[in-house]
Amino acid sequence: MGRYAKPPGPPNRFKIGNLRSMMSDPLGCMMDASEYGPLSNLPLLHEPYVLVRDPELIQQSLAQGHTVMRKDRFTRELDRVLGKGLVTSEGDLWRRQRKLVAHAFIPRRIRTYGDAMVAAAHRSLADWKDGHEINIYESMAELTMDVVGRTLFDTDVRDTAKEVGDALNVISDYYSQVLENPIKPPDWWPSPGMFRFRRAARNVDRIVAEMIEARRKAGRDRGDLLSALLQAQDEEGGGMSNQQLRDECITLFLAGHETTSIALGHTFYLLSKHPEIESKVHREVAAVLEDRRATAEDYPRLEYTERVIKESMRLYPPVYAIGRQLLEDFELGGYTLEKGVTLLFAQWVTHRRPESFTDPLRFDPDRWLPERAAKIHRYAYFPFGGGPRICIGNHFAMMEAVLLLATLIRAYRFDLLPEQSLVLKPSVTLRVEKDLRMRLRARS
Ligand code: HEM
């Protein structure tokens, strides 16, 4: 066996690796590949990829091996929009920025965002009526966009936040197309998509720059994420340049809204299929809230609601795979993996392994009861990633998902209309092919 013996994997047909199936059906392709063992060889075109399936090996990579890895190529390409924000930066810059941005996510500060989250949910409720039909994924996207606007840039810039949001949607859609098409046109190619993308990117830059400028002048803490970023200083007393602030704001905006909206959309879908679980959520919410608005203080008491969100993200992880490229040779699972190989960690695959989860396809929120959850490997479930680059917004997102779900379910039942079925369309996140229509039923 050579020094770099490859783990087993699906046959490399037509010498294009698994490109075709990864493009048309990435979830199925990764699932099939994972049957070859804890590590499977999954080349794409001529690039070497290895799928890492088992929790222990995922931990050894993300938590212990992170110093010899960088983000995968697709994530690196996001830097055209995200600049050197937290998702795309590496090394010393990432370390410094992670510390600075963490100021905006300390628990005391996160709790103060609770009211803005609940206020956004009530604004959605104000638009709805008994018997209305809604597109659930679209409605959740509007709602989480509203939350990110309020918490990142403060409430009274809501319209601006929407402008940024719309532009960022154009950008996300462009990237999804690029991801789906392996032959990427060069940047100067005058396609309509590229034109829209450039215009949207210019809009975002202008709006965010104006907002930062205005905020620097005003100089007071408005209690939002941008204020926290402006105040953040490192040990030497240095803060962030305007360019760095712009990159972090756009990164938080993009990383923060689509993931949570998808988590909520999938949760409503699952609840519509499991009315007994839906009733149990409603009973808990009614008992905790009675007739008042939810607040951040209610979050720890909404235990069952939280278990539902956790279980929904196990079956339908909003980020279904993450990648890391090796900067050095790396020993893993009995193989020496060569520098340059990209490791893939697929939540979609690992969250559905029978060794970690009995009856893995069953929607069973009570697997997350503390005594049962204690038996689950820390890396058998990693919707927020792991190691030092774990999602910086994970507590924010959990609180947001729980408070929004609680507020909406207190007011309505969401019934899936007939002949609606969930068809996934994975892009950077676990999107759906077609939105699902639901009918609202007001609670008495
Ligand atoms: C359910 C919602 C969310 C999910 C499933 C999610 C998932 C993830 C995952 C898997 C990563 C790690 C990516 C990797 O290691 O390559 C990540 C990173 C990140 N997320 Fe989230 N996220 C969510 C919500 C949020 C929110 C609400 C924010 C901010 C307001 C946010 C901001 C970030 C940032 C800045 C990073 C990069 C962190 C770093 O590299 O230091 N995310 N997220």
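Residues numbered from 1 in each chain as written. Predicted model: local features only at pLDDT ≥ 70, side-chain atom pairs only at ≥ 80, totals over all residues. Heavy atoms only, no water.

Looking at the iron atom of the ligand, one finds just one donor atom contributed by the protein, Cys391 (SG), at 2.3 Å. Looking at the element boundaries, Cys391 is found in the loop between α17 (370–373) and α18 (394–411). (Donors = N, O, S within 2.8 Å, 3.2 Å for Na, K, Ca; no water. Helix = DSSP H or I, 4+ residues; strand = E, 2+ residues; numbered from the N terminus.)

Let us look at the pattern of salt bridges. As enumerated under the stated definition, the model contains 29 salt bridges in all. For the salt bridge of Arg73 with Glu77, the shortest nitrogen-to-oxygen distance reads 3.1 Å. Residue Arg73 and its partner Glu77 are located together in helix α4 (residues 73–77), separated by 4 residues, close to a single helical turn. By relative accessible area, Arg73 is classed as partly exposed at 30%. (Salt bridge = Lys/Arg side-chain N within 4 Å of Asp/Glu carboxyl O. Buried < 20%, exposed > 50% of the residue type's maximum accessible area, 1.4 Å probe, protein only.)

Next up on the list: the sheet that holds strand β2 (residues 49–52). Strand order across the open sheet formed by 5 strands is β1-β2-β8-β5-β3, with mixed pairing between neighbours. The sheet is open, and its two edges are formed by β1 (39–41) and β3 (69–71), each paired on a single side. Averaged over all adjacent pairs, the angle separating strand axes in this sheet is 30 degrees, with direction ignored. Bridge count for β3 against strand β5 (residues 322–326) is 3 bridges, and the pairing is antiparallel. Counted as the bridge partner of Lys71 is Arg324 from β5. Strands β1, β2, β3, β5 and β8 (342–345) of the sheet are contacted by helix α3 (residues 55–64), whose axis makes an angle of about 125 degrees with β8. (Pairing = 2+ DSSP bridges. Axes fitted to C-alpha atoms, helices over the stretch in contact; angles between N-to-C directions. Contact = heavy atoms within 4.5 Å.)

Turning to the site of the ligand, a few remarks are in order. If you check the shell around the ligand, you find 25 residues, and the closest are Trp94, Arg98, Arg324, Arg389 and Cys391. Taking Leu86, its main chain carries an N or O atom lying 3.3 Å from an oxygen atom of the ligand. Here Trp94 contributes a side-chain N or O atom positioned 2.8 Å from an oxygen atom of the ligand. Listing elements by their share of the shell around the ligand, those giving two or more residues are α6 (91–102), α13 (242–273), β5 and α18. The element best represented in the shell around the ligand is α13, accounting for 5 residues. Across the shell around the ligand, the residue classes tally to 16 nonpolar, 5 polar and 4 charged. Both domain 1 (1–73 + 321–382) and domain 2 (84–319 + 388–444) contribute no fewer than three residues apiece to the shell around the ligand. (Near = heavy atom within 4 Å. Polar contact = N/O pair within 3.5 Å; in protein donor to acceptor, adjacent residues only side chain to side chain. Nonpolar A, V, L, I, M, F, W, Y, C, P; charged D, E, K, R; others polar. Domains from an automatic or database assignment.)

By secondary structure assignment, the location of Asp54 is in the loop between β2 and α3. Only 2.7 Å separates the side chain of Asp54 from the side chain of Arg53, close enough to count as a polar contact.

Here the focus is the domain arrangement of the protein chain. For the protein chain, the assigned domains are domain 1 (1–73 + 321–382) and domain 2 (84–319 + 388–444). For domain 1 versus domain 2, the separation of C-alpha centres amounts to 27 Å. Every contact between the two is made by 30 residues of domain 1 and, on the other side, 28 residues of domain 2. Across the domain 1 to domain 2 interface the summed buried area is about 2,400 Å²; carbon plus sulfur atoms make up 65%. Scanning the region where domain 1 abuts domain 2 turns up 3 salt bridges. (Buried area = accessible area lost by both parts, 1.4 Å probe.)

Right, let's get into helix α2 (residues 26–34). Of all the residues in α2, the buried ones are Pro26, Leu27, Cys29, Met30, Ala33 and Ser34. Projected down its long axis, α2 carries its buried residues within an arc of 165 degrees, all on one side. (Arc of directions from axis to C-beta.)

The next thing to look at is the packing of aromatic side chains. Following the criterion strictly, the structure yields 9 aromatic pairs and no others. Considering the side-chain rings of Trp128 and Phe414, the 5.9 Å spacing of their centres and the 80 degrees angle between planes classify their relative orientation as edge-to-face. Of this pair, Trp128 sits in the loop between α8 (114–127) and β4 (133–135) while Phe414 sits in strand β9 (residues 412–416), and the two are 286 residues apart along the sequence. Overall, the relative accessible area of 11% leaves Trp128 in the buried class. Their ring planes at 50 degrees and their centres at 6.2 Å tell us that Tyr316 and Trp348 sit as a pair that is tilted. With Tyr316 in the loop between α15 (303–315) and β5 and Trp348 in helix α16 (residues 347–350), this pair connects stretches of sequence that are 32 residues apart. Three or more aromatic residues joined by ring pairs make a cluster, and in this case those are Trp128, Phe268, Tyr412 and Phe414. The ring of Trp348 carries the charged tip of Arg352 above its face, separated from the ring centre by 3.8 Å. For the cation-ring pair, Arg378 lies above Tyr379, with the distance from its terminal atom to the ring centre recorded as 4.4 Å. (Phe/Tyr/Trp six-rings, centres within 6.5 Å; stacked < 30°, edge-to-face > 60°. Lys NZ or Arg CZ within 6 Å of the ring centre and 35° of its normal.)

As a further point, take the pairing of β2. The two faces of β2 match: Tyr49 and Leu51 on one face and Val50 and Val52 on the other face are all buried. Taken together, the 3 bridges between β1 and β2 define a ladder with antiparallel strand orientation. Counted as the bridge partner of Leu39 is Val52 from β2. The pairing of β2 with β8 spans 4 bridges and is parallel. Note on β8: the bridge partner recorded for Val52 is Phe345.

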